[in-house]
Amino acid sequence: MASSAASRVPRVTSRTTGEPLVRLSGVDKWFGELHVLQDIDLSIDRGEVVVVIGPSGSGKSTLCRTINRLEPIDSGEITIDGQRLPEEGKELARLRADVGMVFQSFNLFAHKTILENVTLGPIKVRKQSKGEAERRARELLDRVGVGAQANKYPAQLSGGQQQRVAIARALAMDPKVMLFDEPTSALDPEMINEVLDVMTSLARDGMTMVVVTHEMGFARRAANRVVFMDAGRIVESAVPETFFTNPQSDRAKDFLAKILTH
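Residues numbered from 1 in each chain as written. Predicted model: local features only at pLDDT ≥ 70, side-chain atom pairs only at ≥ 80, totals over all residues. Heavy atoms only, no water.

### Focus: the UniProt feature "domain: ABC transporter" (unreviewed entry) in the chain
(1) Moving on: This chain's UniProt record puts "domain: ABC transporter" (unreviewed entry) on residues 22–256.
(2) Moving on: For residues 22–256, the end-to-end C-alpha separation is 27 Å, with 38% helix and 26% strand making up the annotated structure. (UniProt positions renumbered as here; feature names shortened; annotations may be inferred. Helix = DSSP H or I, 4+ residues; strand = E, 2+ residues; numbered from the N terminus.)

Below, the structure written as structure tokens:
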């Protein structure tokens, strides 16, 4: 994998040195009668890779989506780099530009080429020149291993290639933190590792990442911390070695017993 842009990926400067880059304090979220996030407290440091795991319906994806306010919260506070997430408007758009997001479905624009998909945000939001945006986009496409596909359309690429383009598109905005919401769950098994390899490389380069995933191998290999959720709550938070070899809660023990024996 090309790594010419590797040194340019992390952006770890902060206006609030010493504070966590992302902080959730007392966050609650309801869907009707369902209390999907219950009094969530979570701090993520610069350069930290936090992998969020847990059973289906535990609130993992909702937690991820609140960090850039794709899901509004009902109470509590979320700050990014010391700034509270605004409710709406230009300030929210500006702050959201600092938070890269990679979804289950790749969400690429079908009618635009791969290069156009990656340059759209930097040109429209970051106000980069077309030439500058294209140069950076080609660096990033090379970095994730799809540089040769720049002039193709999404439908001409495999799922794994499309997801790597989606990662390059998020990186092109020079985000402070990257959110990954089950980025491999829609992929065929043989394509999963090519995406996880890119994510592992990002983690190694110091990108701050929040990753919701079922890929326990990635969690062991790339995470600084594993956060285990169940029924809308954070039940455990520990370094991977501790969590996988010595989970503290019965719920985590039960979860790991089921997934690690299959």
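### Things to note about the environment of Arg-221
(1) Moving on: With respect to the helices and strands, Arg-221 occurs in helix H7 (residues 216–222).
(2) Moving on: Its relative accessible area of 47% is what places Arg-221 among the partly exposed residues.
(3) Moving on: Residues Arg-221 and Ala-203, spaced 18 residues apart in sequence, show a C-alpha to C-alpha distance of 9.9 Å.
(4) Moving on: With sequence-adjacent residues up to four places away left out, Arg-221 is seen in contact with Leu-196 and Thr-200. (Buried < 20%, exposed > 50% of the residue type's maximum accessible area, 1.4 Å probe, protein only. Contact = heavy atoms within 4.5 Å.)

### Comments concerning the sheet that holds strand E2 (residues 34–44)
(1) Moving on: Taken in spatial order, the four strands line up as E2-E1-E4-E5 in an open sheet, and their pairing is antiparallel. Every interior strand has two partners, whereas the edge strands, E2 and strand E5 (83–84), have only one.
(2) Moving on: By the bridge criterion, two bridges tie strand E4 (residues 75–80) to E5 in an arrangement that is antiparallel. Residue Ile-80 lies in a different strand from E5, and its bridge partner there is Gln-83. (Pairing = 2+ DSSP bridges.)

### Some details on unusual backbone geometry
Across the chain, the bulk of peptide bonds are trans and the bulk of non-glycine residues have phi less than zero.
(1) Moving on: Phi at Asp-39 is positive, roughly 55 degrees, even though this residue is not glycine.
(2) Moving on: Tracing the chain through its elements places Asp-39 in strand E2.
(3) Moving on: If you check the backbone angles, Glu-182 has positive phi at about 50 degrees while not being a glycine.
(4) Moving on: If you trace the backbone, Glu-182 turns up in the loop between strand E7 (177–181) and helix H6 (189–204).

### As for the side chain of Ser-61
(1) Moving on: Tracing the chain through its elements places Ser-61 in helix H1 (residues 60–66).
(2) Moving on: Here Asp-181 takes part through its side chain, which lies 2.5 Å from a polar atom of the side chain of Ser-61.
(3) Moving on: Beyond its immediate sequence surroundings of up to four residues, Ser-61 is in contact with Asp-181, Glu-182 and Val-212. (Polar contact = N/O pair within 3.5 Å; in protein donor to acceptor, adjacent residues only side chain to side chain.)

### Focus on H6
(1) Moving on: The end-to-end C-alpha distance of H6, which contains 16 residues, comes to 23 Å, matching closely the 22 Å that a straight helix rising 1.5 Å per residue would cover.
(2) Moving on: Here H6 has its buried residues at Met-191, Ile-192, Val-195, Leu-196, Val-198, Met-199, Thr-200, Ser-201, Leu-202 and Ala-203.
(3) Moving on: Where H6 is buried, its residues contact strand E3 (49–53), helix H4 (130–143), helix H5 (159–171), E7, strand E8 (208–212) and H7.
(4) Moving on: Once H6 ends, the next one or two residues include Gly-206, with phi positive near 95 degrees. (Expected span 1.5 Å × (residues − 1).)

### Re helix H9 (residues 250–260)
(1) Moving on: For H9, every residue scored as buried is listed here: Ala-252, Phe-255 and Leu-256. One side of H9 holds all its buried residues, which, seen down the axis, span an arc of 95 degrees. For H9, the exposed residues lying more than 90 degrees away from the buried face are Asp-250 and Lys-258.
(2) Moving on: Taken together, the buried residues of H9 touch E3, H7, strand E9 (225–230), strand E10 (233–238) and helix H8 (240–245). (Arc of directions from axis to C-beta.)

### A short note on the packing of H5 against H6
Packed helix pairs are characterised by how far apart their axes lie and by the angle those axes make with each other.
(1) Moving on: Interaxial distance between H5 and H6 falls to 8 Å at its minimum, and their mutual angle equals 20 degrees. Viewed along their axes, H5 and H6 adopt a mutual orientation that is roughly parallel. The chirality of how H5 crosses H6 is right-handed. Across from Gly-159, Gly-160, Gln-161, Gln-163, Arg-164, Ile-167 and Leu-171 in H5, the residues of H6 making contact are Met-191, Glu-194, Val-195, Val-198, Met-199 and Leu-202.
(2) Moving on: A breakdown of the residues in the contact of H5 with H6 according to their chemical character gives seven nonpolar, four polar and two charged. (Axes fitted to C-alpha atoms, helices over the stretch in contact; angles between N-to-C directions. Parallel < 35°, antiparallel > 145°, perpendicular 65-115°, else oblique. Left-handed = near helix turned anticlockwise from the far one by under 90°. Nonpolar A, V, L, I, M, F, W, Y, C, P; charged D, E, K, R; others polar.)

### Section: the pairing of strand E6 (residues 99–102)
(1) Moving on: Residues of E6 alternate between two faces, with Val-99 and Met-101 on one and Gly-100 and Val-102 on the opposite face, all of them buried.
(2) Moving on: Relative to E7, E6 is paired through four bridges, and the arrangement is parallel. Bridge pairing links Met-101 to Leu-179 in E7.

### Observations regarding the sheet that holds E10
(1) Moving on: Taken in spatial order, the six strands line up as E6-E7-E8-E3-E9-E10 in an open sheet, and their pairing is mixed. Of all strands in the sheet, those with a lone pairing partner are E6 and E10, marking the two edges. Averaged over all neighbouring strand pairs, the angle between strand axes comes to 20 degrees, with direction disregarded.
(2) Moving on: Each of E6 and E7 is contacted by H5, which is oriented at about 170 degrees to E6, the strand it contacts most.

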